[in-house]
Amino acid sequence: MTFYRTTRLMLSGAAFLSLAGSAFALDGQDLLKKLNAAYSAQGGTVTADGVDVNYTTVTLKNASFKPTGSDALHIGDITMTGVEEDEEGGYYIEEAAFPDINITQDGATVSASEMTLGGISIPADVNGDGLDSILLYETAHVGPFKVTKDGKEVFSLGETQMNLSLREDESGFDFDGAFKSMKADLSDAPDPQAKEAIEKLALQHVNGDITMKGAWDLGPGTIDISEFAFDVTNVGRLKLAFKISGYTLPFMKSLQEAAKASEANPNKEEAQQALGLAMLGLMQQLSFNGAEIRFDDASITKRALEYAGSKQNISAQQMADALKAMAPIALAQLNIPELQNAISAAVNTYLDDPKSFAVSAAPAQPVPFPTIMGAAMGAPNTLPGVLGVKVTANQ
């Protein structure tokens, strides 16, 4: 009797779990539909021959990505694991894994592997104004990436990693990325003059890394790219940075709507004109907060002076002295004495002992883009003062 009751309970439990699994099964087609609703705002759609669902794993079979206005790009099977549907009808995906690629065209082969996106949030409704209405991801990863030409590797990346972190109070994002172990083979440059310059500058084999860091404060729409740097061995480190405000979520959605309206217009000339006017109107909402370009030398300047001097039959030091003498003459046309003197002094300091050279713009207050455009058209010589431009060397 006890055995009979135990067996009946087990069978009842199995039946309940089966029914529960059916009741809470993921709707793969709904996921794809909502993915495309969000993705179309960013300029593309994803198609698939079929959608397979196995518990919390969803596979888009033989998928393709079609950017707006371009041909479809075949991807293959996209496997999404750890898929959950939230109470509002949106989806969260722990990881989406993409198949390796290996494409050959015109003698060049592009290959990439270990491609994944992690922490993907697909909105239930893209028409809202909050974060829950946009497609987001937390990580993006690509393993070894290579480009070969006629059997020879000409460019490669060891690994690419991007990270996006939403702050706890949802006031904004912090993000960073790295393109690691970049290698480029420039030894087979087809142009003889370019090949000579590459050899003299010792740039036949370029190695380095690319890194970036930034933040987006949603309220004021402040995008601060604090670092976008190219660090190349035996060349130097080039760092770019900029900061603007006014790039809010409504602004971003307005940009997307303008682009979609332009694409939908069959009259392409008219569409481009309308898009240009729309962009010009939207730019009125942005302000310039600051920017910087900085180069830290790692021996490339000396080789460049030697090469340039050899073309004039003079030494590297004589070439540096000639450039220092020409700088004030070339800068005179700017008609901005204070900036001319600063640039000339920085050039002299750098050429005497190449360490670093930087150009920065740091206005006391954010400058609206219309003010910048007005100054550029009406009184360009006032622009450095408006933007707070400074030029320094070896600092």
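Every value quoted in this text rests on a predicted model; they were computed, and no experiment measured them.

## Describing a negative patch on the surface
Move 1: There is a patch of like negative charges on the surface, built from Asp27, Glu85, Asp86, Glu87, Glu88, Asp125, Asp132, Glu168, Asp169 and Glu170.
Move 2: Within the secondary structure, aspartate 132 sits in the loop between strand 8 (115-122) and strand 9 (139-142).
Move 3: With relative accessibility at 61%, the residue aspartate 132 sits in the exposed group.

## Looking at the packing of helix 6 (residues 300-311) against helix 7 (residues 316-331)
Move 1: Interhelical geometry of helix 6 versus helix 7 gives an angle of 90° and a closest axis separation of 8 Å. Judged by the inter-axis angle, helix 6 sits roughly perpendicular to helix 7. Here helix 6 contributes Leu305, Glu306, Ala308 and Gly309 to the contact with helix 7, which in turn contributes Ala316, Met319, Ala320 and Leu323.
Move 2: Residues belonging to the contact of helix 6 with helix 7 are distributed by class as follows: six nonpolar, one polar and one charged.

## Overview of the nonpolar core
Move 1: Within the largest apolar cluster, 27 residues are counted, with the highest numbers of intra-cluster contacts made by Trp216, Leu249 and Ile372.
Move 2: Of all the secondary structure elements, the ones that give two or more residues to this core are strand 13 (172-185), strand 14 (205-217), strand 15 (222-232), helix 4 (249-264), helix 9 (369-378) and helix 10 (383-387).
Move 3: A total of four residues in this core trace back to one element, the largest contributor, which is helix 4.
Move 4: Here this core spans two domains, since at least three of its residues come from each of domain 1 (249-284) and domain 2 (297-393).
Move 5: Contact partners of isoleucine 372, with chain neighbours within four places excluded, come to Phe288, Val367, Leu383 and Leu387.
Move 6: Residues Leu35, Val46, Leu60 and Leu135 belong to the second largest nonpolar core, which totals 20 residues.

## What to know about helix 7
Move 1: Look at helix 7: 22 Å from first C-alpha to last across 16 residues, which is about the 22 Å you get at 1.5 Å a residue.
Move 2: Roughly 25° is the biggest bend found in helix 7, and it falls at alanine 325, with proline proline 328 one to four residues downstream.
Move 3: Taken together, the buried positions of helix 7 are Met319, Ala320, Lys324, Ala327 and Leu331.

## Notes on the domain arrangement of the protein
Move 1: We note that the domain assignment places domain 1 (249-284) and domain 2 (297-393) within the protein.
Move 2: The straight-line distance from the C-alpha centre of domain 1 to that of domain 2 is 37 Å.

## Here we look at the side chain of glutamine 256
Move 1: Position of glutamine 256 relative to the elements: it lies in helix 4.
Move 2: The buried category is assigned to glutamine 256, whose relative accessible area is 18%.

## With respect to the environment of serine 254
Move 1: As for its placement among the helices and strands, serine 254 is situated in helix 4.
Move 2: Overall, the relative accessible area of 27% leaves serine 254 in the partly exposed class.
Move 3: The sequence separation of serine 254 and leucine 117 amounts to 137 residues, and the corresponding C-alpha distance is 26 Å.

## Focus: the pattern of salt bridges
Move 1: In this structure the tally under the stated criterion is 15 salt bridges.
Move 2: Taking the shortest distance from any N to any O, the salt bridge between arginine 167 and aspartate 174 comes out at 3.2 Å.
Move 3: The exposure class assigned to aspartate 174 is partly exposed, which follows from its relative accessible area of 35%.
Move 4: Aspartate 217 serves as the salt-bridge partner of arginine 167, at 2.3 Å between the closest nitrogen and oxygen. Of this pair, arginine 167 sits in the loop between strand 12 (159-166) and strand 13 while aspartate 217 is found in strand 14, placing the two residues 50 residues apart along the sequence.
Move 5: Since its relative accessible area comes to 28%, aspartate 217 is described here as partly exposed.
Move 6: Each of the salt bridges in this network shares a partner with another, and the network as a whole consists of Lys152, Asp185 and Asp188.

## Comments concerning the environment of leucine 277
Move 1: Locating leucine 277 in the fold gives a position in helix 5 (residues 268-283).
Move 2: Between the C-alpha atom of leucine 277 and that of threonine 45, which follows or precedes it by 232 residues, the distance is 26 Å.

## What to know about the confidence of the model for the protein
Do not read the predicted coordinates in detail wherever pLDDT is low.
Move 1: On average, the protein scores 88 in pLDDT, and the residues at 70 or more come to 94%.
Move 2: Scored below 50 in pLDDT, residues 1-23 makes zero contacts in the model with residues more than four places away or belonging to other chains.

## Re helix 2 (residues 28-39)
Since the α-helix turns once every 3.6 residues, residues separated by three or four places project in the same direction.
Move 1: Taking 1.5 Å per residue, twelve residues should reach 16 Å; helix 2 reaches 16 Å between its end C-alpha atoms and fits that length.
Move 2: All of the buried residues in helix 2 are Gly28, Asp30, Leu31, Leu32, Lys34, Leu35, Asn36 and Ala38.
Move 3: Along its buried surface, helix 2 packs onto strand 1 (44-47), strand 2 (50-54), strand 3 (57-67), strand 4 (73-85), strand 5 (91-98) and strand 8.
Move 4: Of the residues that open helix 2, the one with a side-chain oxygen 3.2 Å from the backbone nitrogen of glutamine 29 is aspartate 27.

Definitions and limits used
Residues numbered from 1 in each chain as written. Predicted model: local features only at pLDDT ≥ 70, side-chain atom pairs only at ≥ 80, totals over all residues. Heavy atoms only, no water. Patch = residues over 30% accessible without salt bridge, like charges linked within 9 Å, V, L, I, M, F, W, Y side chains within 5 Å. Areas by Shrake-Rupley, 256 points an atom, 1.4 Å probe, with all protein chains shown as cover. Salt bridge = Lys/Arg side-chain N within 4 Å of Asp/Glu carboxyl O. Lys, Arg positive; Asp, Glu negative; His and termini not counted. Charge placed at Lys NZ, Arg CZ, Asp CG, Glu CD. Helix = DSSP H or I, 4+ residues; strand = E, 2+ residues; numbered from the N terminus. Buried < 20%, exposed > 50% of the residue type's maximum accessible area, 1.4 Å probe, protein only. Axes fitted to C-alpha atoms, helices over the stretch in contact; angles between N-to-C directions. Parallel < 35°, antiparallel > 145°, perpendicular 65-115°, else oblique. Contact = heavy atoms within 4.5 Å. Nonpolar A, V, L, I, M, F, W, Y, C, P; charged D, E, K, R; others polar. Core = buried A, V, L, I, M, F, W, Y, C linked by side-chain atoms within 4.5 Å. Domains from an automatic or database assignment. Expected span 1.5 Å × (residues − 1). Bend = angle between axes of the 7 residues up to and from the residue. pLDDT = per-residue confidence, 0-100. Polar contact = N/O pair within 3.5 Å; in protein donor to acceptor, adjacent residues only side chain to side chain.

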